[in-house]
Amino acid sequence: GLTGNPTWQQRQGNVAKYQSGPVKGGVNNATGYTYGPNAGCGLVPLLRLTNDKGALHSTIGQMTAAGDTNLAFGLQWGWLTLAPTAPFADGVAYNTPNTTKIMVLLTDGEDLEKGGVRMARKLAKQGVVIFTLGIGTPAGAQIEVRNERGLPTPLRDDQGRIVRSRLDEKTLRAIAQAAHGAY
């Protein structure tokens, strides 16, 4: 576990405690892409609760997709930002009158670890409402990353195949429904 006053990088990197099985990790030798709990998000610092629309837009604008989506981890981190307890303790207490804890999940919906709906049900039990916003199309598109020269290049999996991201509306609807929100 983490002790003392860990940085956001240490907190964000210590997600294995939320995973029931082994955490998938490694490096794709063909592309140099690192797989793991924080891979695929361009590792932008988590934005704590804020009313600053500019900070929100800036943070979203810095994010880049690179595959390996784990919706349960993303929902877990969202929950931690809404919680009244550590590691952030920014949220109001559960069951505070006239308060609803709302989360917006922005994703293509491809839940490669298949834990998103289960996590949404856990959040709903804590009174969290989840709205899902889908990115992309069901037909999908290849994911591009920057190579060592900074040029866009297709992301490839560990077998060298081009990775495509596809909008999974069924999963996004199921997550929203499980947590009394909407897609």
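Residues numbered from 1 in each chain as written. Predicted model: local features only at pLDDT ≥ 70, side-chain atom pairs only at ≥ 80, totals over all residues. Heavy atoms only, no water.

Peer 1: Even after reading the chapter, I still don't get the environment of A141, so can you show me in this structure?
Peer 2: Take A141: it is sitting in strand β5 (residues 141-142). The class for A141 is partly exposed, based on a relative accessible area of 42%. On a C-alpha basis, the gap between A141 and I162 in space is 9.9 Å, while along the polypeptide they are 21 residues apart. If near-sequence neighbours (up to four positions away) are discounted, A141 is found in contact with V163, R164 and S165. (Helix = DSSP H or I, 4+ residues; strand = E, 2+ residues; numbered from the N terminus. Buried < 20%, exposed > 50% of the residue type's maximum accessible area, 1.4 Å probe, protein only. Contact = heavy atoms within 4.5 Å.)

Peer 1: Where do I start with the environment of V92 in this structure?
Peer 2: Relative to the elements of secondary structure, V92 occurs in the loop between α3 (71-82) and β3 (101-107). With 10 residues separating them in the primary sequence, V92 and L82 have C-alpha atoms 7.6 Å apart. Ignoring sequence-local partners within four residues, the contact set of V92 consists of L82, P84, T99 and K101.

Peer 1: What am I meant to see in the packing of α3 against helix α4 (residues 116-125) here?
Peer 2: Each pair of packed helices gets described by two things: the angle between the helix axes and the distance between those axes. The N-to-C vectors of α3 and α4 enclose an angle of 20°; their axes lie 8 Å apart at closest approach. In this view, α3 runs roughly parallel relative to α4, as classed from their interaxial angle. The hand of the α3/α4 crossing is right-handed. On the side of α3, the interface is formed by L71, A72, L75, Q76 and W79, while α4 contributes G116, M119, A120 and L123. Counted by class, the contact of α3 with α4 contains 7 nonpolar, 2 polar and no charged residues. (Axes fitted to C-alpha atoms, helices over the stretch in contact; angles between N-to-C directions. Parallel < 35°, antiparallel > 145°, perpendicular 65-115°, else oblique. Left-handed = near helix turned anticlockwise from the far one by under 90°. Nonpolar A, V, L, I, M, F, W, Y, C, P; charged D, E, K, R; others polar.)

Peer 1: Looking at this structure, how should I read helix α5 (residues 169-178)?
Peer 2: Structurally, the α-helix is built with 3.6 residues per turn, so residues lying three or four positions apart point the same way. Taken as a whole, α5 has its buried residues at T171, L172, I175, A176 and A178. Along α5, the residues classed as buried sweep out an arc of 165° about the axis, all on the same side. Seen from the buried face of α5, the exposed residues on the opposite side, beyond 90 degrees, are K170 and Q177. Looking at the buried side of α5, the elements it contacts are α3, β3, α4 and β4 (128-134). (Arc of directions from axis to C-beta.)

Peer 1: How should the confidence of the model for the chain be read in this particular structure?
Peer 2: Low-pLDDT stretches of the model should not have their predicted coordinates read in fine detail. Mean pLDDT for the chain: 81, with 74% of residues reaching 70 or above. Ranking the elements of the chain by mean pLDDT puts helix α1 (residues 8-13) last, at 56, and α5 first, at 97. (pLDDT = per-residue confidence, 0-100.)

Peer 1: Sorry if this is basic, but what is going on with the side chain of D111 here?
Peer 2: By secondary structure assignment, the location of D111 is in the loop between β3 and α4. The charged side chain of D111 is buried without a salt bridge, its nearest counter-charge being K114 at 6.6 Å. A distance of 3.1 Å separates the side chain of D111 from the backbone nitrogen of G115, its partner in a polar contact. Look past the residues within four positions of D111 in its chain and what remains in contact with it is T69, N70, L71, A72, G116, V117 and T171. (Lys, Arg positive; Asp, Glu negative; His and termini not counted. Salt bridge = Lys/Arg side-chain N within 4 Å of Asp/Glu carboxyl O. Polar contact = N/O pair within 3.5 Å; in protein donor to acceptor, adjacent residues only side chain to side chain.)

Peer 1: How should the packing of aromatic side chains be read in this particular structure?
Peer 2: The geometry of two aromatic rings is summed up by the distance between their centres and the angle between their planes. Inspection of the entire model under this criterion finds 1 aromatic pair. Positioned above the aromatic ring of Y94 is the side chain of K101, whose terminal nitrogen or guanidinium carbon lies 5.0 Å from the ring centre. (Phe/Tyr/Trp six-rings, centres within 6.5 Å; stacked < 30°, edge-to-face > 60°. Lys NZ or Arg CZ within 6 Å of the ring centre and 35° of its normal.)

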